[in-house]
Amino acid sequence: MDFCTQLASQWMLEEVKKSRENNLVVSPVSLNLLLNMVAAGLKGSTLEYTLGYLGSENIDAINSKSREMMAVAAAVGSTKDGHDDGGPMLAMVNGAWADQRFPLKPLYEEKILKDIFNCESKTVDFATQAAEVRDEVNAWAEAVSRGLIKNFLDPGTPSPNTALILANGLYFKGTWDHDYRFVKERTERKDFYLLNGDTISVPFMTSSKMYPCGSFDGFKVLNIPYEKGKCERYFSMYFFLPDERHGLQNLLEKLINSDPKTYFHLPKVVLDKFWIPKFKFSYKFEVSEAMRDTGAPFSFAENPTDLSEMLHIPEGARLPPTSIIQKACIEIDEKGTEAAAITASLMFGSAECNTADRLTVSKSFQSHMKTESANKTSPCTFFLPDERCGLQNLLEKLINSNPEMYFYLSEALLDKFWIPKFRFSYKFEVSDAMNYTGTPFSFAKNPVDLSNMLHIPEGAQLPPAVIIQKACIEIDEKGTEAAAVTALTPPGGFSYHNPERSSFVADHPFVFMIREAKSGLIFFHRSSARSEPK
């Protein structure tokens, strides 16, 4: 799962855990394009950090992916007559507003914003005309979203000390494929069960056709494709419905800890019961807050010069934490889907450097525990880079060397010796790491290879295996306590369940994704804790 889709799922999960019965809709693609725009103008440790959580090796990979994403929109109707053949309409538009005190660098403006993102930029005066710029950005957002998103920036935003606004606008409109269309006369009101046990009456759509649908461990997945027209892109909406009425949290946890590609190849089945709600709602959230809460804070405060490829940075300038906001809206009815999202990054700047605001922090380091033998103690070895931002270089050196050479050390008198106490845990999908390093782990091609271990039913399908590990450690004045558990399991249970007949009644909280098949991009991702009546 890519970073932006993972972030959206994680944020939805946190909101559910807080018992917030909000309908959440997020656009991973819009956020990804915006972060790529920012990353393309970075350098130094900030670029390395950004590449890390975006999962890209270098800036060339970022720019290549951005071109591919922009090309998807160009192929399916970003022009005025692109939807005349009945296919989907998709528009992706980018904008930039730079303060006159922090002008854009010509190379970034021409080669990155214009050439890759087809982005128009404008020089403005936030110091004296912040309200006017807000009105301009809001008008731009309303136009890009075809009127779906109004008043994107709240009063008081942007502030007079804003240095730059980068924004992405995304609009999608698609009609259901001819074979899967709904008849309005069959729509009727039914109860929708909320997480708190209450019910509300909402209109539900139904159909008697066969749909791509599959059952997994604790949830069902159903696919409704959109009309393709003449374009070679295949958009679909995937509904993820937990078996239990209060199963939304467990469903989100399973989606976060598995590869969603597992659920996108579904057989057609006859549905004895099929009801999905009509809905229309919008959601606005602070992306930078979600990134901070999920362990990937977004800030240029420590190294403002890392933006010097993007902006002219006055000497001594400091950059407070950047704000990233997104507002998305969606409507689903018998005809199809209309959705839009606006994502913007507001970078703040100050020409004066206030040293009182600075904090001194310890450097990043790596620790390693080595057991010498069963009868001897296990020393804990700390690897500390000389540079405060040198963790990446340290890890690269450890990967490319024999660690044994570092374990035979002579005692030395240290003039200064301080190490932090800490306690934390970490869980990750080992199979993702194996895929990333070129050693994928799967039984999908040859399920009979497991016949010495398990009884394999004839015709059984095995999705890619999932290996997960969770480890925790605590270090204090007394010593160290640590544990790890590693497990292997195919996602959604060992054997894929392909029912000849099934039912799909989305009368309780569910998740959906709008996905384009060829690119694999997830344009909209939504968690429904309640279904708003239309």
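Note that this is a predicted model, so its numbers are computed, not measured.

(A) Inspection of the overall build of the protein chain at higher detail. If you tally the helices and strands in the protein chain, you get 10 helices and 21 strands. Restricting to contacts in the protein chain with at least 6 residues of sequence separation, those with at least 24 account for 75%. Roughly 27200 Å² of accessible area belongs to the protein chain as shown, and the carbon and sulfur atoms make up 50% of that amount.

(B) Broad picture of the packing of helix α2 (residues 28-39) against helix α3 (residues 44-54). At a closest axis distance of 10 Å, the pairing of α2 and α3 adopts a crossing angle of 155 degrees. In this view, α2 runs roughly antiparallel relative to α3, as classed from their interaxial angle. At the point where α2 passes α3, the crossing takes the left-handed sense. Between α2 and α3, the contacting residues are L35, N36 and A39 on the first element and L47, T50, Y53 and L54 on the second. When grouped by side-chain class, the residues that make up the contact of α2 with α3 number five nonpolar, two polar and no charged.

(C) Main features of the packing of aromatic side chains. Evaluated as defined, the whole model comprises 19 aromatic pairs. Between F235 and F523, the aromatic rings sit 5.4 Å apart at their centres with planes inclined by 50 degrees, giving tilted as the arrangement. One end of the pair, F235, is in strand β9 (residues 235-242); the other, F523, is in strand β21 (residues 522-528), and 288 residues separate them in sequence. As far as burial versus exposure is concerned, F235 and F523 are alike and both buried. Members of the aromatic cluster, each reached through a chain of ring pairs, are F172, W176, Y180, F182, Y211, Y226, F235, F274 and F523. Positioned over the ring face of Y193 is R245, at 3.5 Å from the centre of the ring. When the ring centre of F152 is taken as origin, the NZ or CZ atom of K284, which lies over that ring, is 5.5 Å away.

(D) Structural detail: the pattern of salt bridges. In the structure shown here, the tally under the stated rule is 13 salt bridges. R233 is the partner of E516 in a salt bridge, and the nearest nitrogen-oxygen pair spans 3.4 Å. Within this pair, whereas E516 is found in strand β20 (residues 510-516), its partner R233 is found in the loop between β8 (219-225) and β9, the two being separated by 283 residues in sequence.

(E) Structural context of helix α1 (residues 3-17). Here α1 is 15 residues long and its end C-alpha atoms lie 21 Å apart, about the 21 Å a rise of 1.5 Å per residue gives. Taken across its 15 residues, α1 has 11 buried, putting it largely inside the fold. Looking only at α1, the buried set comprises F3, C4, T5, L7, A8, S9, W11, M12, L13, E15 and V16.

(F) A look at unusual backbone geometry. A cis amide bond links T157 with the next residue in sequence, P158, at an omega value of 0 degrees. Its location among the elements puts P158 in the loop between α6 (126-144) and β4 (162-175). Unusually for a residue other than glycine, N151 sits at a positive phi of about 50 degrees. Structurally, N151 can be placed in the loop between α6 and β4.

(G) Region of interest: the sheet that holds strand β12 (residues 323-332). The strand order β3-β2-β4-β13-β12-β11 describes an open sheet built from six strands, whose pairing is mixed. Only two strands of the sheet have a single partner each, and these edge strands are β3 (120-124) and β11 (279-286). Adjacent strand axes in the sheet meet at a mean angle of 10 degrees, parallel and antiparallel pairs treated alike. For β12 and strand β13 (residues 336-348), the ladder comprises 10 bridges, and the chain directions are antiparallel. Residue pairing for β13: I332 is matched across the bridge by T337. The strands that α6 touches are β2 (89-99), β3, β4 and β13; relative to β2, the one it contacts most, it runs at about 175 degrees.

(H) Region of interest: the nonpolar core. Counting residues in each nonpolar core, the largest one holds 116 residues, and the members touching the most others are L166, I224, F240, I330 and F504. Both domain 1 (3-175 + 280-348) and domain 2 (184-278 + 503-528) contribute no fewer than three residues apiece to this core. Apart from residues lying up to four places away in sequence, F504 is in contact with C213, K220, V221, L222, F239, L241, L271, K273, F274, W275 and I276. By size, the runner-up hydrophobic cluster in this structure holds 23 residues, among which are I149, C329, A340 and I342.

(I) Representation of the confidence of the model for the protein chain within the structure. Overall, the predicted model of the protein chain reaches an average pLDDT of 80, with 78% of residues at or above 70. Within the protein chain, no element has a lower average pLDDT than strand β14 (residues 366-369), which sits at 51, and none a higher one than α6, at 95. Below a pLDDT of 50 lies the segment residues 351-363, which in the model reaches 17 contacts outside its immediate sequence neighbourhood of four places, other chains included. Segment residues 491-499 is flagged for pLDDT under 50; beyond a separation of four residues in sequence, or across chains, it makes 31 contacts in the model.

(J) Looking closely at a nonpolar patch on the surface. A surface patch of nonpolar side chains, about 400 Å² in accessible area, is lined by F382, L414, F417 and I419. With respect to the secondary-structure elements, F417 resides in the loop between α9 (391-399) and β16 (422-429). On the basis of relative accessible area, F417 is assigned to the exposed category, the value being 57%.

(K) Structural context of the pairing of β8. The buried fraction of β8 is high, at seven of seven residues. The side-chain alternation of β8 yields two buried faces, one formed by F219, V221, N223 and P225 and the other by K220, L222 and I224. Bridge analysis of strand β7 (residues 211-216) against β8 gives four bridges, and the strand direction is antiparallel. Note that in β8 the partner of F216 across the bridge is F219. Counted between consecutive antiparallel strands, the loop separating β7 from β8 contains two residues, among which G218 sits at a positive phi close to 95 degrees. As judged from the seven bridges shared by β8 and β9, these two strands associate in the antiparallel manner. Paired with V221 across the bridge in β9 is F240.

Calculation rules
Residues numbered from 1 in each chain as written. Predicted model: local features only at pLDDT ≥ 70, side-chain atom pairs only at ≥ 80, totals over all residues. Heavy atoms only, no water. Helix = DSSP H or I, 4+ residues; strand = E, 2+ residues; numbered from the N terminus. Contact = heavy atoms within 4.5 Å. Areas by Shrake-Rupley, 256 points an atom, 1.4 Å probe, with all protein chains shown as cover. Axes fitted to C-alpha atoms, helices over the stretch in contact; angles between N-to-C directions. Parallel < 35°, antiparallel > 145°, perpendicular 65-115°, else oblique. Left-handed = near helix turned anticlockwise from the far one by under 90°. Nonpolar A, V, L, I, M, F, W, Y, C, P; charged D, E, K, R; others polar. Phe/Tyr/Trp six-rings, centres within 6.5 Å; stacked < 30°, edge-to-face > 60°. Buried < 20%, exposed > 50% of the residue type's maximum accessible area, 1.4 Å probe, protein only. Lys NZ or Arg CZ within 6 Å of the ring centre and 35° of its normal. Salt bridge = Lys/Arg side-chain N within 4 Å of Asp/Glu carboxyl O. Expected span 1.5 Å × (residues − 1). Pairing = 2+ DSSP bridges. Core = buried A, V, L, I, M, F, W, Y, C linked by side-chain atoms within 4.5 Å. Domains from an automatic or database assignment. pLDDT = per-residue confidence, 0-100. Patch = residues over 30% accessible without salt bridge, like charges linked within 9 Å, V, L, I, M, F, W, Y side chains within 5 Å.

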